Amino acid sequence: MTTLNTYPLPPNFTWHELSPHAAPRDLQPEVRLALQLLAQRLQVVRDVVGSPLHITSGYRSVAYNQQVSGHPNSYHCKGMAADIVITGVPAHRVQHLLRNWQGGLGCYSTFTHVDTGPKRRWRG
Ligand SMILES: [Zn+2]
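This write-up is about the structure you can find in this document.

Reading the values: rules and limits
Residues numbered from 1 in each chain as written. Predicted model: local features only at pLDDT ≥ 70, side-chain atom pairs only at ≥ 80, totals over all residues. Pairing = 2+ DSSP bridges. Helix = DSSP H or I, 4+ residues; strand = E, 2+ residues; numbered from the N terminus. Axes fitted to C-alpha atoms, helices over the stretch in contact; angles between N-to-C directions. Buried ≥ 20, exposed ≤ 12 C-beta atoms within 10 Å, placed from the backbone.

Describing the sheet that holds strand β5 (residues 120–123)
The strand order across the open sheet built from five strands is β1-β2-β4-β3-β5, with neighbouring strands paired in mixed fashion. A single partner strand is all that each edge strand has here, and the edge strands are β1 (54–57) and β5. Taken over all neighbouring pairs, the strand axes of this sheet differ in orientation by 25° on average, direction set aside. Sheet topology note: the strand β3 (residues 104–107)/β5 ladder contains four bridges and is parallel. Note on β5: the bridge partner recorded for G106 is W122.

Shown next, in the form of structure tokens:
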């Protein structure tokens, strides 16, 4: 029987927060692997920061991405992106902490987008 434990994640992340609308067994294997890699990289950040990273948006199905007016080729649809907040830490401070992130870093006033795509920086 397939259980969630079949797909291990680093200690401070759950499938529910990475993929609130789809269980891991319902995800394409490449999406699942991408989410695991993303969570492993976020765990490193979490260990350095010492505070929980709250994922406000992780994996999005194409349909859900359209609902929330996401970019059509969003890394969220590949399981490669998360929008994060840290309680009590302003977004600009989170973005400063992540300045060396090897991937996409989108800086918004209330949250930070990180992805495991090519290194890019932008402000939203
Ligand atoms: Zn995002």
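Right, picking up where we left off after that structure.
Focus: unusual backbone geometry
Although it is not a glycine, S69 adopts a positive phi angle of roughly 55°. Counting through the fold element by element, S69 comes out in the loop between α3 (62–67) and β2 (81–85). Overall, S69 belongs to the exposed group, with 7 C-beta atoms counted inside 10 Å.

Function cannot be read off these values alone, since they describe shape.
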